[in-house]
Amino acid sequence: MATNENSTEIDEGLYSRQLYVLGHEAMKKMKNSNVLISGMKGLGVEIAKNIILGGVKSVTVHDEGNTEWNDLSSQFYLTEADIGRNRAEISGGRLAELNNHVPVSSHTRRLTEDFLYQFQVVVLTSSSLEEQLWVGDSCHRSNIKFIVADTKGLFGQVFCDFGKRFVVTDPNSEELQHATVMWITKNNPGLVTCLDERRHGFQTGDYVTFSEIQGMTELNNCKPIEVQVNDPYSFLICDTSNFSDYKKGGIATEVKMPQELTFKPLREALKEPTYQISDFGKVNRHKTLHIAFQALHQFVKEYGCLPKPWGTDDAERLVAAANKLSKEDPSILNEEPLNEGLVRKLANVATGNLSPINAFIGGITAQEVMKACSGKFVPLNQWMYFDALECLPEESEDFLSTEESCQPRGCRYDGQIAIFGADFQEKLKTQKYFLVGAGAIGCELLKNFAMIGLGAGEGGAITVTDMDTIERSNLNRQFLFRPGDITKMKSRTAATAVRKMNPSLRITAHENRVGPETKNVYNEDFFDNLDGVANALDNVETRRYTDSRCVLFRKPLLESGTLGTKGNVQVIVPCLTESYGSSGDPPENSFPICTLTNFPNAIQHTLQWARDEFEGLFKQPAVNVNKYFEEPSFIDHTMMLQQGQALEILEGVYKSLDTNKPKSWFDCVAWARRHWQTQYTNSIRQLLHNFPSDQVTPSGALFWSGPKRCPHPLEFDPDNALHMDYVVAAANLYADNYFIPGCQDRAAIQQILQSIDVPPFTPKSGVTIHTSDAEMEAAESSPTRDKDDKRLVELKEILSSRQIFTRIKMEPIDFEKDNDTNFHMDFIVAASNLRAENYNIPAADRHKSKRIAGRIIPAIATTTAAIVGLVCLELYKVVQGHRPKRAFRNGFINLAVPLFAFSEPLPPAPQKFRGKEWTIWDRFDVQGIKPDGKEMTLAEFLGYFKIVRDRGDAQ
């Protein structure tokens, strides 16, 4: 069972987004884990898909049964042609295409104890209770992680047993918190006070360690200390009464402590269950469901099948079995009454097979497999039950399910018809939906659309649009794409893939961005023809635009998003709920300019500075030079800008065409070396000239204290790898600007460096360095400085004489984070870490630097699958139409913690005008063509509104 955790390398190009969720150590552990998944119906294939994409060592899929019609409702790798063939054999080959790094094999014989020993994790789906018990016993004895997952119609169940001793190395997916220390008392306990610029972010029970403290040095690099939060800006630690006197400085850094958990084996956990609450609105259901699922096993054992869909007699038989179990072991209900209505509902829908439920439970289960493999994040506690009964229409609504309407039809939708009936299935098939985005969420939505038959009948249609092409990093979670699809359009490739899953699907692919520029494409006629819209986007701007169009045309919108293990769902229903744009997203973090320019104290500051450097050196000057030659009014337009901005632009153009214009590769290296000197030596020396290390403020406090870290200049060393990283990257990028061939030969570059003259630098007096953004803004709004004004006029005169410069075309460089051969990230990492060294800030490796500088959104397939499952449960309700608001669910999940929270959507906020209430959904409908066929005149148009206004006043 032992494995070598360092035996494999991680394919960072493929797993880049997932690595930002799990980290390298967890991924290495996963790469040494063999996983067995038994049961290749819809839930099993969903789990397998997510785990294979995640990158374990191997996956074996097991099933002794053959494909049936009911399977096609959710098993996306089986087709009508596979009916009668073994599910594992067919699915295994198709699952193997998902990830070349993960071997997939199939097993079609009965499981044996000897067979189980080769796996680190065993997952059972679609299994009997007897099988679960003996496999669970065997796994617990052998310290094999064991999971049971099952879905029955609108219900789901997951059980986890990770052994007698399971260590969680990281309980959540959060970044480590850091706080700058202002003062520490000598007391028992000691009180740590932090800067009041931002909250420290710690919680009682967290552990921290300290660094850079002057005075109370006993705390530097100490063992982790548990904290007790006093308020958002202070916390209590250990006894500091015998420590040295605190002087100044210090950083408190969170430390994640391992947690050791003990799991009961299944046989014991059945009688003494502990539960993971999956919906805080249904906290009293899990005990009844725990008994009801056991009763369901007994029902199948006795009658050889699941209860008939909506069959009254079978429902009562299941209730009787559940009551008997509850009396035999009353401790499970613990004096709570058995919810017989809930048991009847389970009996009514148990035969059903829904893709959205399998997606949700499959995403959760796959994440539990990853936890079992890696020790990353907190496992479920041990039983979890989930239901989505609010998807069923109420008795007063259309599409009420009956035993007759839910009988199987011998078609691919039988699993869904068993729950909602044949009439609702026909309604689904005639839907016209617009899907915006074909990335990770988009691929999962299309898979679910295909399985439930959305738009798969006469009159139905799905339109999907995405302007992006497929990249290699997409393959880890956008499961409709394969390596051969790289550079192809996402929308068309995804549409082709889902047609194979359901050939009846009527889908059209576009390659447009949804925004004002395509308003003529996605116009009133387009929206009028839709039944609804689903967003699968990664940016707020397009989300808001699509939402505004849905509000304008009164169309329902299904909104969702993910961030690592976190995900959210919002359902927007016209006239019933608020819109997406009704509540604002929190603003993105931004840093004060003066902090970035002169006073960084965290690696995030140096990385943002490096990004700004990249834009300011290799993109914007080239853009401006091209505009200078192409646009005659360029100088005049630039002079209309704020003085400082105009000076920066014209100075950049002049230097690019004159003083800094390279003629050869030698000149590019020389420029890079001198710029290194300017940024990491000269500018720091000037800063320390203005503010010496012992500078004090007017109040007598040290200037270099608190968030201001006193820097030191660097001395260039050609034998220092980081110094050379900067020169090589900067020189090659600068050469690209001017179409000069570059070079990666470090020995040759070092040879060039020996003959480059670097002018000496002497700090200047009279140079103003602003210490805050407010001070800088005040200076910019003050009367124009003569010196800058004189230089600006001089540059305007020089550049206006265009004939003195040779006309050139420069190559602006757009930052691209995912290409490891273009020097972009090489420059960012080197520039940032050199500046971090200036300010004694711990450096960041390339992986962390890419995430921060590239603003990469962490992503993992498990969260995407689970969230899309919840989206499609809301889709059922939207398609049914005229549902009460209480039936809908906005959702938030965090698979790491784990946390599942659902709430009723908020209503649209009312506004008042002339005593009359209205919401964003209200509007005036004006018929512009009169009965006689003539257009309404302006006077008639205004008169119409006067009539409406007077009516409102009268009311």
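Before reading on, note that the structure itself is shown above.
We now turn to the structure provided with this report. (Residues numbered from 1 in each chain as written. Predicted model: local features only at pLDDT ≥ 70, side-chain atom pairs only at ≥ 80, totals over all residues. Heavy atoms only, no water.)

Thoughts on the sheet that holds strand β3 (residues 104-107)
And step 1. The 8 strands are arranged β3-β2-β1-β4-β5-β6-β17-β16 in an open sheet whose pairing can be described as mixed. Looking at the sheet topology across the chains shown, the edges are occupied by β3 and β16 (275-276).
And step 2. As paired strands, strand β2 (residues 58-62) and β3 are joined by 4 bridges and run parallel to one another. Within the sheet, the bridge partner assigned to Val-59 lies in β3 and is Val-104.
And step 3. On the sheet, helix α4 (residues 87-95) packs against β2 and β3 and is oriented at approximately 180° with respect to β3.
And step 4. Contacts from helix α8 (residues 286-303) reach β5 (145-152), β6 (155-161), β16 and β17 (383-387), with the element oriented near 90° to β17. (Pairing = 2+ DSSP bridges. Helix = DSSP H or I, 4+ residues; strand = E, 2+ residues; numbered from the N terminus. Contact = heavy atoms within 4.5 Å. Axes fitted to C-alpha atoms, helices over the stretch in contact; angles between N-to-C directions.)

Notes on the sheet that holds strand β14 (residues 251-255)
And step 1. The 7 strands are arranged β11-β10-β14-β8-β9-β13-β12 in an open sheet whose pairing can be described as antiparallel. Each end of this open sheet is capped by a strand with a single partner; those strands are β11 (225-226) and β12 (228-231).
And step 2. Where strand β8 (residues 178-184) meets β14, 3 bridges bridge the pair, whose relative direction is antiparallel. Residue pairing for β14: His-178 is matched across the bridge by Thr-253.

Some remarks on helix α29 (residues 861-880)
And step 1. With 20 residues, α29 extends 29 Å between its outermost C-alpha atoms, agreeing within 8% with the 28 Å of an ideal straight helix rising 1.5 Å per residue.
And step 2. Most of α29 sits inside the fold, with 20 of its 20 residues counted as buried.
And step 3. Backbone geometry just downstream of α29 places Gly-881 in the positive-phi region, at approximately 80°. (Expected span 1.5 Å × (residues − 1). Buried < 20%, exposed > 50% of the residue type's maximum accessible area, 1.4 Å probe, protein only.)

Brief notes about a nonpolar patch on the surface
And step 1. Together, Leu-938, Phe-941 and Leu-942 line one region of the surface with nonpolar side chains, adding up to about 320 Å² of accessible area.
And step 2. In this structure, Leu-938 sits in helix α30 (residues 938-954). (Patch = residues over 30% accessible without salt bridge, like charges linked within 9 Å, V, L, I, M, F, W, Y side chains within 5 Å. Areas by Shrake-Rupley, 256 points an atom, 1.4 Å probe, with all protein chains shown as cover. Salt bridge = Lys/Arg side-chain N within 4 Å of Asp/Glu carboxyl O.)

A few points about the pairing of strand β23 (residues 566-572)
Two faces make up the sheet, and in a regular strand the side chains alternate between them.
And step 1. A large share of β23 lies buried, amounting to 5 of its 7 residues.
And step 2. Relative to β23, strand β22 (residues 557-563) is paired through 7 bridges, and the arrangement is antiparallel. Within the sheet, the bridge partner assigned to Ser-560 lies in β23 and is Val-569.
And step 3. The antiparallel hairpin formed by β22 and β23 contains 2 residues in its connecting segment, where Gly-564 sits at a positive phi of about 65°.
And step 4. In terms of strand pairing, β23 meets strand β24 (residues 890-894) through 4 bridges, oriented antiparallel. Residue pairing in the sheet places Val-569 in a bridge with Gly-891 of β24.

Considering the packing of aromatic side chains
Describing an aromatic ring pair means giving the distance of the ring centres and the angle of the ring planes.
And step 1. In total, this model carries 46 aromatic pairs according to the counting rule given.
And step 2. Between Phe-166 and Phe-263 the ring centres are 6.2 Å apart and the planes differ by 80°, which places this aromatic pair in the edge-to-face class. One end of the pair, Phe-166, is in strand β7 (residues 166-168); the other, Phe-263, is in the loop between β15 (259-261) and α7 (266-271), with 97 residues separating them in the sequence. Each member of the pair, Phe-166 together with Phe-263, is buried.
And step 3. Between Phe-527 and Phe-553, the aromatic rings sit 5.1 Å apart at their centres with planes inclined by 20°, giving stacked as the arrangement. Of the two residues, Phe-527 is situated in helix α16 (residues 524-528) and Phe-553 in helix α17 (residues 540-553); the sequence distance between them amounts to 26 residues.
And step 4. Taking relative accessible area as the criterion, Phe-553 reaches 11% and is therefore assigned buried.
And step 5. Ring pairs connect the aromatic residues Trp-609, Phe-614, Phe-618, Trp-671, Trp-676, Tyr-680, Phe-716, Tyr-726, Tyr-734, Tyr-738, Phe-815 and Phe-827, which therefore count as one cluster.
And step 6. We note Lys-708 situated over the ring of Phe-599; from NZ or CZ to the ring centre the distance is 5.2 Å. (Phe/Tyr/Trp six-rings, centres within 6.5 Å; stacked < 30°, edge-to-face > 60°. Lys NZ or Arg CZ within 6 Å of the ring centre and 35° of its normal.)

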